[in-house]
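Chain by chain, the residues:
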Amino acid sequence: MKNGKYYRIRKELVWGMGLLAVLIACTGIFGAVKRWGESHTDKVLTERKVLAEAASELEDPENCYLCGTAPESLMGYFRQFDDLGVICVNQWYVLDMGILGQDIPDGEKKGTRTSMTGTGEGGDFFSSTQTPSRGISTVEVRYGEDSILDVEKAKTILCQKCLDKLLSVMETYGPEGEEPKPRDLCLVDFQTMELYSLQEQYTSYYIRDYYVRLDQTEDGMEIEAVYAPERIRGNLQDILS
Ligand SMILES: [Zn+2]
């Protein structure tokens, strides 16, 4: 009798310990899976996405909206300015940042100019503040419903060289397996016709004598460009005088 009872308690104890061990193992496995999931999620969010090459459907390169003379593009007019511009590609709208106010007479360069521009139905919305006497221009962009780059549209208005250039500044980062969704925006240097990315992974860069800072906002982005030439020559003059 005594032995039997003793045996039964031991058996329950063994079962209890077994259950506890299984429970601990499960918790451990669950924790490990959770940690793997978290680290995996981090990786998923930073997958680099590049747009596939596309063939231009523009028959005459002379009609290219970026390097050609298409009257609808206004780029021919802007090329005369030492300035940067923001291009809304889907609606093809070019906003002259007016950093140095080269389009206004010297006597009128005092103070601050503000303007608001819609780029067309479903397009992005620009609100700009320019202080040409200081060489500062800020453009606030509010994304329209149609703000994801339409490659099909770009194929019809750009020559092959310019289309390649545009697609090369459309690199984005996003969840694994998802289609790339670059915004239909880029920055252009009117003097060199080079394009620069306005995708969200960038925060600042220099274009010749201009410093450009980018900030993401709730429903768009803010682009600030400042005329900031190198001061090496100025410093040398200070030393010599
Ligand atoms: Zn072109």
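Coordinates for the structure precede this section.
Residues numbered from 1 in each chain as written. Predicted model: local features only at pLDDT ≥ 70, side-chain atom pairs only at ≥ 80, totals over all residues. Heavy atoms only, no water.

## Some details on the overall build of the chain
Summing up its helical and strand segments, the chain has 5 helices and 12 strands in all. Across the 241 residues that make up the chain, the buried fraction comes to 38%. Counted over contacts in the chain with a minimum sequence separation of 6, partners at least 24 positions apart contribute 58%. (Helix = DSSP H or I, 4+ residues; strand = E, 2+ residues; numbered from the N terminus. Buried < 20%, exposed > 50% of the residue type's maximum accessible area, 1.4 Å probe, protein only. Contact = heavy atoms within 4.5 Å.)

## A word on the coordination of the zinc ion
All of the protein donors around the zinc ion are Cys64 (SG), Cys67 (SG), Cys159 (SG) and Cys162 (SG); their distances to the metal are 2.3 Å. Metal-centred angles of 106 to 116° between the 4 donor atoms at the zinc ion mark the site as tetrahedral. (Donors = N, O, S within 2.8 Å, 3.2 Å for Na, K, Ca; no water. Tetrahedral: all angles 85-135°; square planar, octahedral: opposite > 155°, others 65-115°.)

## A few points about the pairing of strand 2 (residues 84–88)
In terms of residue burial, strand 2 counts as a mostly covered element, since 5 of its 5 residues are buried. Residues of strand 2 alternate between two faces, with Leu84, Val86 and Cys88 on one and Gly85 and Ile87 on the opposite face, all of them buried. Where strand 2 and strand 3 (residues 93–96) come together, 4 bridges link them in antiparallel fashion. The residue bridging Gly85 from the neighbouring strand is Asp96, located in strand 3. (Pairing = 2+ DSSP bridges.)

## Some details on empty space enclosed by the protein
Once rolled over the atoms, a probe with the size of a water molecule shows which space is left empty. Tallied over the full model, the rule gives 1 cavity of 30 Å³ or more. Empty space within the largest cavity amounts to approximately 40 Å³. Lining the largest cavity, in full, are Phe81, Asp82, Asp83, Asp96, Gly98, Ile99, Leu100, Gly101, Gln102 and Asp103. A class-by-class count of the residues in the lining of the largest cavity yields 3 nonpolar, 3 polar and 4 charged. (1 Å grid on protein atoms, 1.4 Å probe; cavity = no way out; pocket = protein on both sides within 12 Å on 5 of 7 lines; lining within 4 Å. Points joined across faces, edges and corners; volume = space filled by probe spheres on them. Nonpolar A, V, L, I, M, F, W, Y, C, P; charged D, E, K, R; others polar.)

## A closer look at the layout of surface pockets
Taken as a whole, the largest pocket holds about 300 Å³ of empty space. Lining the largest pocket are 17 residues, and of these Thr172, Tyr173, Lys181, Gln199 and Glu200 sit closest to its centre. It is strand 7 (residues 172–174) that contributes the most residues to the lining of the largest pocket, 3 residues altogether. Here the residues of the lining of the largest pocket are counted per class, giving 6 nonpolar, 5 polar and 6 charged. For the second largest pocket, the calculated volume is near 160 Å³.

## Section: the environment of Ile157
With respect to the element layout, Ile157 can be found in helix 3 (residues 151–157). Accessibility expressed as a relative area gives 6% for Ile157, which makes it buried. For the pair Ile157 and Val89, spaced 68 residues apart in sequence, the C-alpha separation works out to 9.6 Å. The residues touching Ile157, leaving out its near neighbours within four places in the chain, are Leu58, Asn63, Cys64, Tyr65, Val89 and Trp92.

## Topic: the sheet that holds strand 5 (residues 125–131)
Strands sit in the order 4-5-6-12-11-10 across an open sheet of 6 strands; the sheet is antiparallel. Each of the sheet's edge strands pairs with one partner strand only, and the pair in question is strand 4 (113–118) and strand 10 (204–207). Direction aside, the axes of adjacent strands within the sheet are offset by 15° on average. With 4 bridges connecting them, strand 10 and strand 11 (residues 210–216) associate as antiparallel partners. Within the sheet, the bridge partner assigned to Ser204 lies in strand 11 and is Arg213. (Axes fitted to C-alpha atoms, helices over the stretch in contact; angles between N-to-C directions.)

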